[in-house]
Amino acid sequence: MMSTAPDPPKPNPRQSSGFLVTTSLPDRLPASRLQQGDTFALPEHPDEPLIIDLITPNPERNASLLISTRDRTAPITLHMEEPIQPLRMPRTFNVTCQLCEATTTTDLELVAHGQPKTWVCNRH
Ligand SMILES: [Zn+2]
């Protein structure tokens, strides 16, 4: 068994797997970018964060989404192009190294970290 004594923090090349350049997310996104688990606000109600429990195409209206949120009994209908204010959008990406084309998976929260643009792995 390994010792459980605390080690001083040190860079671990197997954990810090590379360098990621991101671009910041716009203040408004079309509703079609939302996924289950995201948090967003309607631009007219910026102080009311909505957490998505379920998001499905609206069967009764073309290009519309039916969004069930926590704390609300009735789902919201939004057009796919309708602008929303993103608050929290956790995503998992496969990124490809610009230099050696090795791929890796990375977790990002788009509002806090931005969208992945360029990835360089730590072999360079
Ligand atoms: Zn590489």
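(A) Expanded view of the sheet that holds strand β7 (residues 83–88). Here six strands make up an open sheet; going across it, the order is β2-β7-β3-β4-β5-β6 and the pairing antiparallel. A single partner strand is all that each edge strand has here, and the edge strands are β2 (29–30) and β6 (76–79). Relative to β7, strand β3 (residues 39–41) is paired through three bridges, and the arrangement is antiparallel. Looking at the pairing, F40 lines up with P86 of β7.

(B) Highlighting the pairing of strand β5 (residues 64–69). Here β5 shows a clear split, with L65, I67 and T69 buried on one side and none of S64, L66 and S68 buried on the other. By the bridge criterion, five bridges tie strand β4 (residues 50–57) to β5 in an arrangement that is antiparallel. Looking at the pairing, T56 lines up with L66 of β5. Between β4 and β5, which pair antiparallel in sequence order, lie six residues; one of them, A63, sits at a positive phi of approximately 60 degrees. Strand direction decides the pairing type here: β5 and β6, joined by four bridges, are antiparallel.

Calculation rules
- Residues numbered from 1 in each chain as written.
- Predicted model: local features only at pLDDT ≥ 70, side-chain atom pairs only at ≥ 80, totals over all residues.
- Pairing = 2+ DSSP bridges.
- Helix = DSSP H or I, 4+ residues; strand = E, 2+ residues; numbered from the N terminus.
- Buried ≥ 20, exposed ≤ 12 C-beta atoms within 10 Å, placed from the backbone.

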